[in-house]
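Commentary on secondary and tertiary structure
Here's the letter readout for the chains.
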Amino acid sequence: MRKSSTNILNDKNHTFVIAEAGSNWRTKDLKTSVIRAKKMIYAAKASGADAIKFQTYSSEKVYVPNAGNSNYLSKSGMNKSINQIFDQFSMPHSVLNELYNYCKKQKIQFMSTPFSVSDAKAVNKFVKIHKIASYEINHLSLLKFLAETNKPIIVSTGAATFRKISYAIKTLKKYGAKQIFLLQCTASYPAPIHSLNLSSIPALKEKFKIPVGFSDHSIDPLVAPLLAIGYGATIIEKHFTLNRKFAGPDHAFAIEPKDLEKLVSSIRNADAAKGTGIKTVEKTEKELERFATRSVQATTTIHKGDKLEFEKNFELLRPGKRSRGADAIDIHKINGKISRRKILTGDGIKINYVH
């Protein structure tokens, strides 16, 4: 079992997978919403995800009154003002304890992104790791409060430049945060594949000297997360839903449980495929490496005292199951030397066979 939140968020052998429920747990009323949320928790656990994350907010703490309609949400069929939409999909603080306890029962980590200090105070009682949404990256009071909790903080960087990311990191550190993690993110829903800019992951790591993951809003369940891991991501966040046909702003670009399971399985395989980073002969290669890699092999019977001459009495051949000679790269240690012993046609010529 991994020891700390810091370790699990920067474990090169085990990518931390966050199944993002977002607002996809909400239905027409709170009672059925909680039922759906529990189904999502169960599905996230069954998929093998490490955590499930919700969002905790209320409209009056996010947008100004009469903020108007979002073009993006209007395209997805949500023809209401952003204030009405936030009211409809908000998470009352009263449900946090119930969802946390159900996550605890299912043995999956509970997370929820707060959008205000009051939300953060409510959420803080139930989470081990805090998450800051892309559009809260410059929210001074929220950054300050979360930093003072002394818990690991994951910061999404959608629609943010180095300047804003630097501001968030400096502010968090100023108020005591010591465990900060970034997520490359394109804040578009869905995000086109060409907009994901995954090669910025190593750039973010180099610039800020902290671990970087990826929050994926693209529709494809595999391409971007696996490429992100190849670029060094140690956290993957992906929106999911029980059914993409459900009504709501985030269902259309989310993946369903079967694809979430496929994603997590593929991530675990990607983790296994990383290896040690040291180029060596793997155990699984050893038999063929000995059988099929070219070595110095006699092409005629060589007697003690014979001079060894390349392409006259020996060649660089694959030995198969015959005795293996010196590796072909050591031919200079054999060619022109005198044999110390008799060597049969086809047998290997080792370095200690010559002088």
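Keep in mind that what you see is a predicted model, and the values were worked out from it rather than measured. In this numbering scheme, every chain counts its residues from 1 along its sequence in written order. Side-chain atom pairs in this predicted model are given and counted only at pLDDT of 80 or more, local residue features only at pLDDT of at least 70, and totals for whole chains, interfaces and linings cover all residues. Side-chain measures here rest on the full set of heavy atoms in the structure, leaving out hydrogens and waters.

To continue, consider the packing of helix α10 (residues 223–230) against helix α11 (residues 257–274). Relative orientation of the contacting elements α10 and α11 amounts to 20 degrees, with a least axis distance of 10 Å. The angle between α10 and α11 places the two elements in the roughly parallel class. Handedness of the α10/α11 crossing: right-handed. Across the interface between the two elements, Pro225, Leu226 and Ile229 from α10 touch Leu263, Ser266, Ile267, Ala270 and Lys274 from α11. Put simply, Ala, Val, Leu, Ile, Met, Phe, Trp, Tyr, Cys and Pro go in the nonpolar bin, Asp, Glu, Lys and Arg in the charged bin, and everything else, Gly too, in the polar bin. Among the residues forming the contact of α10 with α11, the class breakdown is six nonpolar, one polar and one charged. A fitted line through C-alpha atoms serves as each axis, taken over the contacting stretch for helices, and the angle formed by two N-to-C directions is quoted from 0 to 180°. Elements are defined by DSSP. Helices are runs of H or I of four residues or more, strands are runs of E of two residues or more, and each kind is numbered from the N terminus. Should an angle lie under 35 degrees it is considered roughly parallel, over 145 roughly antiparallel, and from 65 to 115 roughly perpendicular; all remaining angles are considered oblique. The handedness criterion is simple: a crossing whose near helix is rotated anticlockwise from the far helix by less than a right angle is left-handed, and one whose near helix is rotated clockwise is right-handed. Residue contacts are counted whenever heavy atoms from the two residues lie within 4.5 Å of one another.

Here eight strands make up an open sheet; going across it, the order is β3-β2-β1-β8-β7-β6-β5-β4 and the pairing parallel. The sheet terminates laterally at β3 (109–114) and β4 (130–132), the two strands that pair on one side only. Strand-to-strand twist of the sheet, defined as the mean angle between neighbouring strand axes without regard to direction, takes the value 25 degrees. At least two DSSP bridges between two strands are needed for those strands to be called paired. The pairing of β4 with strand β5 (residues 153–156) spans three bridges and is parallel. Looking at the pairing, Lys131 lines up with Ile154 of β5. Running at roughly 170 degrees to β3, helix α6 (residues 117–124) makes contact with β2 (51–56), β3 and β4 of the sheet. With respect to the sheet, helix α7 (residues 140–148) is in contact with β3, β4 and β5, its orientation differing from that of β4 by roughly 160 degrees.

Moving on, we come to helix α9 (residues 200–208). Burial in α9 covers these residues: Ser200, Ile201, Leu204 and Phe208. One face of α9 carries all of its buried residues, which in axial projection span an arc of 105 degrees. Tucked into the core, α9 has its buried residues touching α8 (162–174), β6 (180–185), β7 (212–216) and α10. A positive phi of about 60 degrees marks Lys209, the residue just after α9. Burial status follows relative accessibility: with a 1.4 Å probe on protein chains alone, a residue under 20% of its type maximum counts as buried, one over 50% as exposed, and anything between as partly exposed. Note: the arc covers the axis-to-C-beta directions of the helix.

Next up on the list: the side chain of Arg26. Tracing the backbone through its elements, the reader meets Arg26 in the loop between β1 (16–22) and α2 (30–47). Reaching out from Arg26, the side chain makes a polar contact with the side chain of Ser33 at a distance of 3.1 Å. Excluding its chain neighbours within four sequence positions, the residues that come into contact with Arg26 are Ser33, Arg36, Gln88, Phe89, Ser90 and Pro92. Counting of polar contacts relies on pairs of N or O atoms within 3.5 Å, with two restrictions inside protein: one atom must be capable of donating a hydrogen and the other of accepting it, and residues adjacent in sequence are counted only when both atoms are side-chain atoms.

Okay, the nonpolar core next. Nonpolar side chains in soluble globular proteins tend to be buried together. Here the nonpolar core consists of buried residues drawn from Ala, Val, Leu, Ile, Met, Phe, Trp, Tyr and Cys, with membership extended through side-chain atoms lying within 4.5 Å. If you look at the biggest cluster of nonpolar residues, it comprises 65 residues, and the most contacted ones within it are Ile52, Phe54, Leu99, Leu172, Leu182 and Phe240. Considering each element in turn, this core owes the most residues, six residues, to α2. Not counting residues up to four positions away in its chain, the partners in contact with Ile52 are Ala19, Ala21, Met40, Ile41, Ala44, Cys103, Ile108, Gln109, Phe110, Met111 and Phe240. In this structure, Ile302, Leu308, Ile349 and Tyr353 belong to the second largest nonpolar core, which totals 12 residues.

Classification of ring pairs uses Phe, Tyr and Trp, with its six-membered ring standing for Trp, and accepts pairs whose centres are within 6.5 Å; under 30 degrees between planes counts as stacked, over 60 as edge-to-face, and the remaining range as tilted. All told, the structure shown has eight aromatic pairs when counted by the stated rule. Taking the centre distance of 5.6 Å and the plane angle of 85 degrees together, the rings of Phe162 and Phe208 count as edge-to-face. Placement of the pair is Phe162 in helix α8 and Phe208 in helix α9, with a sequence separation of 46 residues. A relative accessible area of 39% places Phe162 in the partly exposed class. Aromatic pair Tyr189 and Phe253: ring centres 5.6 Å apart, planes at 50 degrees, arrangement tilted. Of the two residues, Tyr189 sits in the loop between β6 and α9 while Phe253 sits in the loop between β8 (235–239) and α11, which places them 64 residues apart along the sequence. With relative accessibility at 2%, the residue Phe253 sits in the buried group. Through successive ring pairs, a cluster of aromatic residues spans Trp25, Phe54, Tyr100, Phe110 and Phe126. In this structure, Arg26 packs its charged tip against the face of Trp25, placed 5.0 Å from the ring centre. Counting as a charge over the ring demands two things of the Lys NZ or Arg CZ atom: a distance within 6 Å of the ring centre and an angle within 35 degrees of the ring normal. Stacked on the ring of Phe246, the Lys or Arg Arg36 has its end atom at 3.9 Å from the ring centre.

Moving on: the pairing of β2. Of all six residues in β2, six are buried, a share of seventy percent or more. Neither face of β2 is open: one carries Ala51, Lys53 and Gln55, the other Ile52, Phe54 and Thr56, and all of them are buried. Here, the term right-handed applies to a crossover whose path from the first strand over the helix to the second runs clockwise when the strands point away from the viewer. Each parallel crossover has a hand, and the one from β1 via α2 to β2 is right-handed. Bridge count for β2 against β3 is six bridges, and the pairing is parallel. The residue bridging Lys53 from the neighbouring strand is Met111, located in β3.

All right, on to the environment of His130 then. Among the secondary structure elements, His130 is positioned in strand β4. With a relative accessible area of 0%, His130 lands in the buried category. A C-alpha to C-alpha distance of 23 Å links His130 and Leu263, two positions 133 residues apart in sequence. Apart from the residues within four sequence positions on either side, His130 is in contact with Ala120, Val123, Asn124, Leu146, Thr149, Lys151, Pro152, Ile153 and Ile154. For His130, the side chain forms a polar contact with the side chain of Asn124, separated by 2.8 Å.

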